[in-house]
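Secondary and tertiary structure notes
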Amino acid sequence: MSTISFFLSLPPPHPPFLPLKPLSLHPYPYPYPYPFPFPSPHHRLSSLRPQNPNPNPSSLLFRRPIKASATGLGVDVARALRPGSVVETDSIPADVRKRTMEAVDWFGGRVTIGDVAGRTGLKLAEAQRALQALAADTNGFLEVSNDGDVLYVFPKDYRGKLASKSFRLKVEPWIEKAKSAAEYLIRFLFGTTLIASIVIVFTAIIVIMASGKSDDDNRGRRGGRSNDSGVSFFFSPSSGFRSWDLFYGQSPQRQEKEEGMNFIESVFSFVFGDGDPNRGIEEKRWKLIGGIIASNGGVVTSEELAPYLDVDTAGEPKADESYILPVLLQFNGEPEVDEQGNVLYRFPSFQRTAVSEWGSKLKNATSTWNGAVAETVFQEKKWKFSKTGIAERAMVIGLGGLNLFGVVFLGALLRDMSGVTPNGFLKFVVNVFPLLQVYASSFFAIPLVRSLSILKTNYEIDKRNRAREQCAQALQRPGASLKLKLQSARDMSKKTVIGQDKIIYSSGKDLLEQDYDAREWERKLREIKKSD
């Protein structure tokens, strides 16, 4: 059946001044992002803030005219919104997608960009791109309020729809398991290398010294008694290995009680540590900041954000308040000056929400929702040298020292054999000896350098934590000027709930089924002119 591509438009009640545009999911540069113009005075355009005044051209998902059937004139909006067979969500980073979907679930499937950014701490552009991709892949739709605010609405089974379309979501759990297995394998191999090195080194020492004693026996001593004494003497370290193996077999039980780490893992932990203790802490920081801004109606002071930022000056925030700039860039904030001359920071996207019970949800979730209300200060964790217990660490150091001593002693024996061509096992030892030397020396060199670096890092962490704590204490006991500043911020804050009564357009319905009353717009236009 043939189709006709056209732009649906209504005859404006006065000469139009807005160009006709096709339906689009990206922020429209005009106050009403529809495929047809609504009357609005020119001087009112600047007062209406779009979701993203500078959209990235690469993020424009859909710029397609609406298709209507030539016979029934049925407008298929869903087809116009679908970007073909491409799964748009696959282009979104996994972390951004997961955080966005968690926010959509928390808000009940109906969100604004500010809701998602405040809940997850994502940048507004990242939250917008993720919402657009999810809406395209899960048959979500848009709602537009009479103020030009865009809401994203998702079906209850949107997760199932996305999982059925995206191959990436199906393989991601397996990839995560493979990464975990690879990490554990690296730890395991590094720990077993210490055991293997000790075995190789001391076996080579036994072979070299036994061969030397055998040469002396060939010169006149009786071979039987000589062989017995040699093996008996040099075989005793091997029995030491067996006793050590029993000790090693018991170590995982003791380690499990203390840190849940077995001996093999403790070797890697001693040399390389246990990773960054603050991994993912930036995500938590932005969640805290987004929660503070959202719970205060989109207007905050620098003193309210200082306990969550990197304030260099201890005691009080810096006078220039330059530490606020990352927050303004993250959430598209803007500074404002009140009547008393105080500088406040407004975040318009956080002042429009789709959830009517936003305030009550914040109060009921003080201990679970991002910790935004429960935590009054942001704290970084100090680095630890290792999570191993004292007994396991002592055993690792002892075996590492034994291996180092063996490598040094074996090196001396190999130098004495400079005129002899080794063969068999000794030839293998000579070939791998440089690797054994590197392993034995780095076994203590790396922890030494790492311990010095940890001392410096923990000093800087302590300094930042103390500065945040002092800022938090100053906020809890504000002076008269700070009280007036905080009260001014609360007076300027507001929260607009976008209910169904304010929705004038939904992409989930057929355009021809939606009643757009031109006389209502005429009435609103006259009210706007009268208010001017």
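The present account deals with the structure reproduced in this document. (Residues numbered from 1 in each chain as written. Predicted model: local features only at pLDDT ≥ 70, side-chain atom pairs only at ≥ 80, totals over all residues. Heavy atoms only, no water.)

**Points about unusual backbone geometry**
Stated precisely, the cut-off is as follows: Working definition: helices are DSSP H or I runs of at least four residues, strands are E runs of at least two. Numbering for both runs from the N terminus.
Of note, Asn 139 is a non-glycine position whose phi angle comes to about 60 degrees, a positive value. Tracing the sequence through the fold places Asn 139 in the loop between α5 (124–137) and β4 (141–145).

**Observations concerning the sheet that holds strand β5 (residues 150–153)**
To be explicit about the condition: Any two strands are treated as partners once DSSP identifies two or more bridges connecting them.
Taking strand neighbours across the sheet as the criterion, the 4 strands line up as β3-β5-β4-β11 in an open arrangement whose pairing is antiparallel. The open sheet is flanked by β3 (110–111) and β11 (503–506), the only strands paired with a single partner.

**Things to note about the pattern of salt bridges**
The criterion, for reference: Throughout this description, the term salt bridge denotes a Lys or Arg side-chain nitrogen within 4 Å of a carboxyl oxygen of Asp or Glu. To sort residues, take the accessible area from a 1.4 Å probe on protein chains only and compare it with the maximum for the residue type: under 20% means buried, over 50% means exposed, and anything in between is partly exposed.
All chains considered together, the criterion is met by 20 salt bridges. Among the ionic pairs, Glu 172 bridges to Arg 97, the shortest N-O distance being 2.6 Å. In this pair, Glu 172 is assigned in helix α7 (residues 167–218) and Arg 97 in helix α3 (residues 94–106), connecting sequence segments 75 residues apart. Considered together, Glu 172 and Arg 97 belong to a single accessibility category, that of buried residues. The salt bridge involving Arg 110 is made with Glu 143; its shortest N-O contact spans 3.0 Å. Highlighted residues: Arg 110 in strand β3 and Glu 143 in strand β4, separated in sequence by 33 residues.

**Points about the pairing of strand β8 (residues 343–346)**
Here strand β6 (residues 299–300) pairs with β8 via 2 bridges, running antiparallel. Across the sheet, Val 300 pairs through a bridge with Tyr 345, a residue of β8. Note that strand β7 (residues 334–337) and β8 share 4 bridges and pair antiparallel. Across the sheet, residue Pro 335 finds its bridge partner in β8, namely Tyr 345. Connecting β7 to the antiparallel partner β8 that follows it, the hairpin turn spans 5 residues, and Gly 341 within it adopts a positive phi of roughly 85 degrees.

**Comments concerning the layout of surface pockets**
For clarity, the cut-off: In this analysis the probe radius is 1.4 Å and the grid spacing 1 Å, with only protein atoms considered; a cavity is a set of points the probe fits into but cannot get out of, a pocket is an open set with protein on both sides within 12 Å along at least five of seven lines, and lining residues have an atom within 4 Å of a point. Grid points are joined across faces, edges and corners, and a volume is the space filled by probe spheres set on the points. All amino acids are sorted into three groups, where Ala, Val, Leu, Ile, Met, Phe, Trp, Tyr, Cys and Pro are nonpolar, Asp, Glu, Lys and Arg are charged, and the leftover types, Gly among them, are polar.
Computed from the structure, the largest pocket encloses a volume of approximately 500 Å³. Lining the largest pocket are 15 residues, with Arg 187, Asp 274, Gly 275, Asp 276 and Arg 279 sitting closest to its centre. Counting only elements with at least two residues in the lining of the largest pocket, the list comes to α7 and α10 (263–272). For the lining of the largest pocket, the element with the most residues is α7, which contributes 3 residues. The residue inventory of the lining of the largest pocket, partitioned by class, reads 5 nonpolar, 1 polar and 9 charged.

**Observations concerning α10**
Threshold: Here a polar contact is recorded for every N or O atom pair within 3.5 Å, except that within protein the pair must consist of a potential hydrogen donor and a potential acceptor, and residues adjacent in sequence are included only if both atoms are side-chain atoms.
Buried residues dominate α10, accounting for 9 of its 10 residues. By the burial criterion, the buried members of α10 are Phe 263, Ile 264, Glu 265, Ser 266, Val 267, Phe 268, Ser 269, Phe 270 and Val 271. Measuring from the backbone nitrogen of Ile 264 back to the side-chain oxygen at the start of α10 gives 3.3 Å, which picks out Asn 262 as the cap. After α10 finishes, the residue Gly 273 shows a positive phi value of roughly 85 degrees.

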